[in-house]
4 protein chains.
Amino acid sequence: MKYLYFCVETNYTVVMPKVKDEKKVTDIHKAAMKLLIQTGFAGLKMADVAKEANIATGTLYIYYKSKEALVNDVYEHTRKEMVSVLLDSKNAVSGDFYKTFASMWLSYFNYCLRYPEKMIFVEQFVYSGLIDSTIIDETEKELKPLNQFIEFGQEKGIFKPLNVELLKAQMQGAVHDIIKVIHKKNIELSDTEILQCLGMSWDAMKRTF
Amino acid sequence: MKYLYFCVETNYTVVMPKVKDEKKVTDIHKAAMKLLIQTGFAGLKMADVAKEANIATGTLYIYYKSKEALVNDVYEHTRKEMVSVLLDSKNAVSGDFYKTFASMWLSYFNYCLRYPEKMIFVEQFVYSGLIDSTIIDETEKELKPLNQFIEFGQEKGIFKPLNVELLKAQMQGAVHDIIKVIHKKNIELSDTEILQCLGMSWDAMKRTF
Amino acid sequence: MKYLYFCVETNYTVVMPKVKDEKKVTDIHKAAMKLLIQTGFAGLKMADVAKEANIATGTLYIYYKSKEALVNDVYEHTRKEMVSVLLDSKNAVSGDFYKTFASMWLSYFNYCLRYPEKMIFVEQFVYSGLIDSTIIDETEKELKPLNQFIEFGQEKGIFKPLNVELLKAQMQGAVHDIIKVIHKKNIELSDTEILQCLGMSWDAMKRTF
Amino acid sequence: MKYLYFCVETNYTVVMPKVKDEKKVTDIHKAAMKLLIQTGFAGLKMADVAKEANIATGTLYIYYKSKEALVNDVYEHTRKEMVSVLLDSKNAVSGDFYKTFASMWLSYFNYCLRYPEKMIFVEQFVYSGLIDSTIIDETEKELKPLNQFIEFGQEKGIFKPLNVELLKAQMQGAVHDIIKVIHKKNIELSDTEILQCLGMSWDAMKRTF
DNA sequence: CATGAATGAGAGTTCATTCAT
DNA sequence: CATGAATGAACTCTCATTCAT
């Protein structure tokens, strides 16, 4: 292993043409995200992204063919992360529907609590007019397991028999706005309060008629 | 002398100098809103706003000293409208807490359903970094009656005993995302379905423990 | 007299078409001059001139067909004033060449001391590229008596036998820069010092070879 | 390893990134000066400067952050040149006060004769309202040797015992206006005439009382 | 691959001038 | 004549993108 690593290192540095630097991509992502939050789409300048990522402006265009492509990629990357958090297999508690729901909800809630910028960014971007339509379709596809889970709940008579999209929106919208208000007003949530928020989502979705 | 004065006065009144046109403000608002929805903040061009409002670019700057001022004013105006819809006195059904809640919720929901652009615009703008901080404080103040209503519900043991901000966020966030999904996927809601959405909000907030 | 004044007043206000208001011209001149000094040509805005003169922008264009025409007129007016100060018949002391020179020099110096803005304005305007060429010729013509005076001094062997334009420039240039330095550094000149400045000009022009 | 490092280093040095071009600064200066003379401050357009300097408008803003900064720098540069001409050590003729004065005066006069545009530009700019106040102070400081020279002449009883600023103004003002009249009227000066002008300045300053 | 100076189309804004009132 | 809102050409400045090094 050590030997191989060394070989690669030598190759990389001296002899072979340098391949696209994966670390740079990460740096650019971080930089772009940070500035996107601070300034919004309107204010994002490629020169600033480059400076924040400690590279030259020209270098940005080696990795992304345009500003739009860059922002789309940051979006795509962040969105994927959020989906994977939501659908993490660790959340699945076999045989216990409520526990699975709760685990999923808490995963998502805690992720948003920790990275509110990412959540806000993703939410805003959807309506920014900059998004690539193919990405929307993909999101749809990837979120199918969530739909199936909710439909399962409906079949079992646990969830309200409504259009699944409405149920999803109810859940996600509530989470998003709660995170936003927490973020905006610097509210500190105790574990109990988080569970109460979970309670609200559960009650909202639970069949009562 | 008096007579002469009167004549002059009359003349003066008839030949009145051109006055700033109130209709123009409305036209500009409409134009700006329309384009804001289509293009987002990044793409809003003053020249386009002017063209859409059928005035010259220079005229815009008679009414607003900058692009930022214009967008802020459109925001301010729209936000005020939304608050007034929510707190419309017609919604108050004396002696019936649920009916009052339902009426308020439906007013707001229907307004958002009818003008989803306005809702999306207001939501986005809060996190655009272009907003004037004084406006935020004012919103806070104007929404106090809503807080008092929710607190009243909590005192009566109807609503969950949580931080009021969390309850508000739960309700508004759900509404917003439901509207967004309806808008995005061109879903048609029947009256029954709207009432079911109201049901979700009510259940979410209703005390269950 | 009183009667006439009254008639005019009545006419003016009510019946007859208003003639161009002479006072307005003065107000505009004053306003334009004041701003010209403060901001230079680059910064002079017609709207500001109007505001300073307490009239509407449109009114300016009743009195002057363009910005250039206005500035030219202000220049023309001021220049005429300066020439008349220099060639005031009161300065002529018959039979005494030095006294006449001294009187002329002091008139001009004191005028510039009192209205440094006017002096600076006139000086700058000559090289602003905005000046009407006909005005230059006229200045030339009006200053002929000064030329004749200097030529007379040369014929009498009092002044140096140089190109008259050089002698004039020597005298005026010195006065202008002395005034400017006084103005810029807030220097207070005693009567003695003023006479010493006069002495410098006299010595410069006096034949010494 | 060392060898490889050396190779890389060499590569790096050969493929140097583009560096800010010193020649461009000169080109911009020349262009700006030329247009400044032709059009005055009012008419100077950045687009024209760029065209005249054979660069893109945007490039101007790499070198200067604003139009004002550009004009200030041109002024600063020209002013420095004028001061260095005046105080050129070659002018100092040890032990001969008159020769030193004459040499200095002629240097300055000939410089102004050759570059009347620069002289006019500097003179105008001082009263343009665009000048940076720090630059004025610096001029003051740099001209101290001239003050000391004049004061020396006063102590020796050669120059009139007047405020130094007045003497300086007398000398410079006369030079400036003589140059201006020569320029304006296309007068050709013989060497003799130049010396006669020098004579006027000397006589003006020489003690006679 | 990396750099960052150079580019120039295009954005926001100004302001001399006009014209309906 | 007087007004000042309206106009739009023209200006300054920005910034995504390119390209010589």
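Residues numbered from 1 in each chain as written. Chains lettered and ligands numbered in written order. Predicted model: local features only at pLDDT ≥ 70, side-chain atom pairs only at ≥ 80, totals over all residues. Heavy atoms only, no water.

Caption draft 1: How the structure looks around the relation of the copies chain A and chain B. Rotating chain A by 180 degrees about the axis while translating it 0.0 Å along that axis superimposes it on chain B, leaving an RMSD of 0.2 Å. What the superposition gives is, in effect, a two-fold axis relating one chain to the other. The fraction of interface residues of chain A whose copies in chain B are also interface residues reaches 98%, indicating that both copies meet through the same surface. (Least-squares fit on C-alpha atoms with pLDDT ≥ 70 in both. Contact = heavy atoms within 4.5 Å.)

Caption draft 2: Inspection of the packing of aromatic side chains at higher detail. Under the counting rule described, the total for this entry stands at 52 aromatic pairs over all chains. Centroid distance Trp105 of chain C to Phe109 of chain C: 4.7 Å. Interplanar angle 10 degrees. Geometry classified as stacked. Of the two residues, Trp105 of chain C and Phe109 of chain C both sit in helix α6 (residues 97-114), 4 residues apart, roughly one turn of that helix. Phe109 of chain C matches Trp105 of chain C in its accessibility class, with the two residues each being buried. Considering the side-chain rings of Phe101 of chain D and Phe159 of chain D, the 5.7 Å spacing of their centres and the 75 degrees angle between planes classify their relative orientation as edge-to-face. On the criterion of sequence distance, the pair formed by Phe101 of chain D in helix α6 (residues 97-114) and Phe159 of chain D in the loop between α9 (144-155) and α10 (164-184) is long-range, its members being 58 residues apart. (Phe/Tyr/Trp six-rings, centres within 6.5 Å; stacked < 30°, edge-to-face > 60°. Helix = DSSP H or I, 4+ residues; strand = E, 2+ residues; numbered from the N terminus. Buried < 20%, exposed > 50% of the residue type's maximum accessible area, 1.4 Å probe, protein only.)

Caption draft 3: Region of the structure containing α10 of chain D. Residues and elements named next belong to chain D. Taking 1.5 Å per residue as the helical rise, α10 with its 21 residues ought to reach 30 Å, and the 30 Å between its terminal C-alpha atoms agrees with that figure. The N-terminus of α10 is capped by Asn163, whose side-chain oxygen sits 2.9 Å from the backbone nitrogen of Glu165. In the segment just after α10, Asn186 is the residue with positive phi, at about 50 degrees. (Expected span 1.5 Å × (residues − 1). Polar contact = N/O pair within 3.5 Å; in protein donor to acceptor, adjacent residues only side chain to side chain.)

Caption draft 4: Focus on the protein's contact with DNA strand E. Looking at DNA strand E, there are 37 residues lining it, with Thr59 of chain A, Tyr61 of chain B, Met46 of chain C together with Lys24 and Thr59 of chain D nearest. Across the atoms of DNA strand E situated within 4 Å of the protein, the share located in sugar and phosphate is 71%. One of the side-chain nitrogen or oxygen atoms of Thr57 of chain A is found 3.4 Å away from a base nitrogen of DNA strand E. Listing elements by their share of the surface near DNA strand E, those giving two or more residues are α4 (57-63) of chain A, α4 (57-63) of chain B, α4 (57-63) of chain C together with α4 (57-63) of chain D. (Near = heavy atom within 4 Å.)

Caption draft 5: Broad picture of unusual backbone geometry. If you check the backbone angles, Asn186 of chain B has positive phi at about 50 degrees while not being a glycine. Mapping Asn186 of chain B onto the fold places it in the loop between α10 (164-185) and α11 (191-205).

Caption draft 6: Structural detail: the packing of helix α10 (residues 164-185) of chain A against helix α11 (residues 191-205) of chain A. All names here are of chain A. It is the contact of α10 with α11, at a shortest axis distance of 10 Å, that shows an interaxial angle of 160 degrees. Considered as vectors, α10 and α11 are oriented roughly antiparallel to each other. Helix-helix and strand crossings are classified by hand; for α10 and α11 the assignment is right-handed. On α11, the residues touching Leu167, Gln170, Met171 and Ile178 of α10 are Cys197, Met200, Ser201, Ala204 and Met205. The residue inventory of the contact of α10 with α11, partitioned by class, reads 7 nonpolar, 2 polar and no charged. (Axes fitted to C-alpha atoms, helices over the stretch in contact; angles between N-to-C directions. Parallel < 35°, antiparallel > 145°, perpendicular 65-115°, else oblique. Left-handed = near helix turned anticlockwise from the far one by under 90°. Nonpolar A, V, L, I, M, F, W, Y, C, P; charged D, E, K, R; others polar.)

Caption draft 7: Region of interest: the interface of chain A and chain B. Counting residues at the interface gives 43 residues for chain A and 42 residues for chain B. When the area that chain A buries against chain B is broken down by residue, the three leading residues are Tyr127, Leu166 and Met200 of chain A, summing to 20%. At the boundary of chain A with chain B, the tally comes to 8 salt bridges. The shortest N-O distance in the salt bridge between Lys160 of chain A and Asp203 of chain B comes to 2.7 Å. The set of elements that each furnish at least two residues to the side of chain A that touches chain B consists of α2 (22-43), α7 (116-126), α10 and α11 of chain A. Broken down by element, the residue count for the side of chain A that touches chain B peaks at 16 residues, all from α10 of chain A. (Buried area = accessible area lost by both parts, 1.4 Å probe. Salt bridge = Lys/Arg side-chain N within 4 Å of Asp/Glu carboxyl O.)

Caption draft 8: Here's a closer look at the environment of Trp105 of chain C. Residues and elements named next belong to chain C. On the accessibility criterion, Trp105 (3% relative accessible area) is buried. Sequence separation between Trp105 and Met171 is 66 residues; the distance between their C-alpha atoms is 8.7 Å. Excluding residues that lie within four positions of it along the chain, Trp105 makes contacts with Met171, Val175, Ile194, Cys197, Leu198 and Ser201.

Caption draft 9: Representation of the domain arrangement of chain A. Residues and elements named next belong to chain A. Looking at the assigned domains, one finds that chain A contains domain 1 (1-64) and domain 2 (71-209). Roughly 830 Å² is buried in total at the junction of domain 1 and domain 2, and carbon and sulfur atoms are behind 87% of that figure. Area buried by domain 1 at its contact with domain 2 is led by His29, Met33 and Phe41, which between them contribute 66% of it. Our count for the contact surface shared by domain 1 and domain 2 stands at 0 salt bridges. Where domain 1 touches domain 2, the interface holds 2 residue pairs in polar contact (both at pLDDT 80 or more). Across the side of domain 1 that touches domain 2, the residue classes break down as 7 nonpolar, 1 polar and no charged. (Domains from an automatic or database assignment.)

Caption draft 10: Representation of the packing of helix α7 (residues 116-126) of chain C against helix α10 (residues 164-185) of chain C in the model. Residues and elements named next belong to chain C. At a closest axis distance of 10 Å, the pairing of α7 and α10 adopts a crossing angle of 125 degrees. In this view, α7 runs oblique relative to α10, as classed from their interaxial angle. Helix-helix and strand crossings are classified by hand; for α7 and α10 the assignment is left-handed. Facing Pro116, Met119, Ile120 and Glu123 of α7, the residues of α10 in contact are His176, Ile179, Lys180 and His183. Classifying every residue of the contact of α7 with α10 gives 4 nonpolar, 2 polar and 2 charged.

Caption draft 11: Structural detail: the protein's contact with DNA strand F. Taken together, 37 residues form the shell around DNA strand F, and within it Met46 of chain A, Lys24 and Thr59 of chain B together with Lys45 and Tyr61 of chain D come nearest. Restricting attention to atoms of DNA strand F within 4 Å of the protein, one finds that 71% of them are sugar or phosphate atoms. Separating a phosphate oxygen of DNA strand F from a side-chain N or O atom of Tyr61 of chain A is a distance of 3.0 Å. Considering only residue class, the surface near DNA strand F consists of 16 nonpolar, 10 polar and 11 charged.

Caption draft 12: Region of the structure containing the environment of Glu165 of chain B. In this fold, Glu165 of chain B is placed in helix α10. Sequence spacing of Glu165 of chain B and Thr139 of chain B is 26 residues, and the spatial spacing of their C-alpha atoms is 14 Å. With near-sequence residues (within four places) excluded, Glu165 of chain B lies in contact with Val181, Lys185 and Ile187 of chain A together with Asn147 of chain B.

Caption draft 13: Summary view of the pattern of salt bridges. All names here are of chain D. Per the stated rule, a full pass over the model turns up 64 salt bridges over all chains. Two residues, Asp96 and Lys99, come together in a salt bridge whose shortest N-O distance is 4.0 Å. Its relative accessible area of 27% is what places Asp96 among the partly exposed residues.

Caption draft 14: View of the arrangement of the chains. Here chain A and chain C are not in contact; the least distance found between their C-alpha atoms is 31 Å. Left apart from each other, chain B and chain D have a closest C-alpha approach of 20 Å.

Caption draft 15: Main features of the confidence of the model for chain A. Residues and elements named next belong to chain A. When the pLDDT values of chain A are averaged, the result is 87; 90% of them are 70 or greater. Within chain A, helix α1 (residues 2-15) has the poorest average pLDDT of any element, 35, and α11 the best, 97. For residues 1-18, every residue scores under 50 in pLDDT, and the model assigns this stretch 6 contacts once sequence neighbours within four places are set aside. (pLDDT = per-residue confidence, 0-100.)

Caption draft 16: Representation of the environment of Leu86 of chain B within the structure. Residue and element names in this part refer to chain B. With respect to the element layout, Leu86 can be found in helix α5 (residues 67-86). A C-alpha to C-alpha distance of 26 Å links Leu86 and Gly40, two positions 46 residues apart in sequence. Those residues in contact with Leu86, other than ones at most four positions away along the chain, are Asn91, Met104, Tyr108, Leu143, Leu146 and Gln172.

Caption draft 17: Summary view of the side chain of Asp177 of chain A. Here Asp177 of chain A lies in helix α10. Engagement of the side chain of Asp177 of chain A in a polar contact is seen with the backbone nitrogen of Gly173 of chain B, the distance being 3.3 Å. In this view, Asp177 of chain A contacts Glu123, Ala169, Gln172, Gly173 and His176 of chain B; residues no more than four positions away in its chain are not counted.

Caption draft 18: Representation of the side chain of His176 of chain A in the model. Of note, His176 of chain A is situated in helix α10. Polar contacts involving the side chain of His176 of chain A include one to the side chain of Tyr108 of chain A, which spans 2.8 Å. The residues contacting His176 of chain A, other than those within four sequence positions of it, are Tyr108, Met119 and Glu123 of chain A together with Asp177 of chain B.

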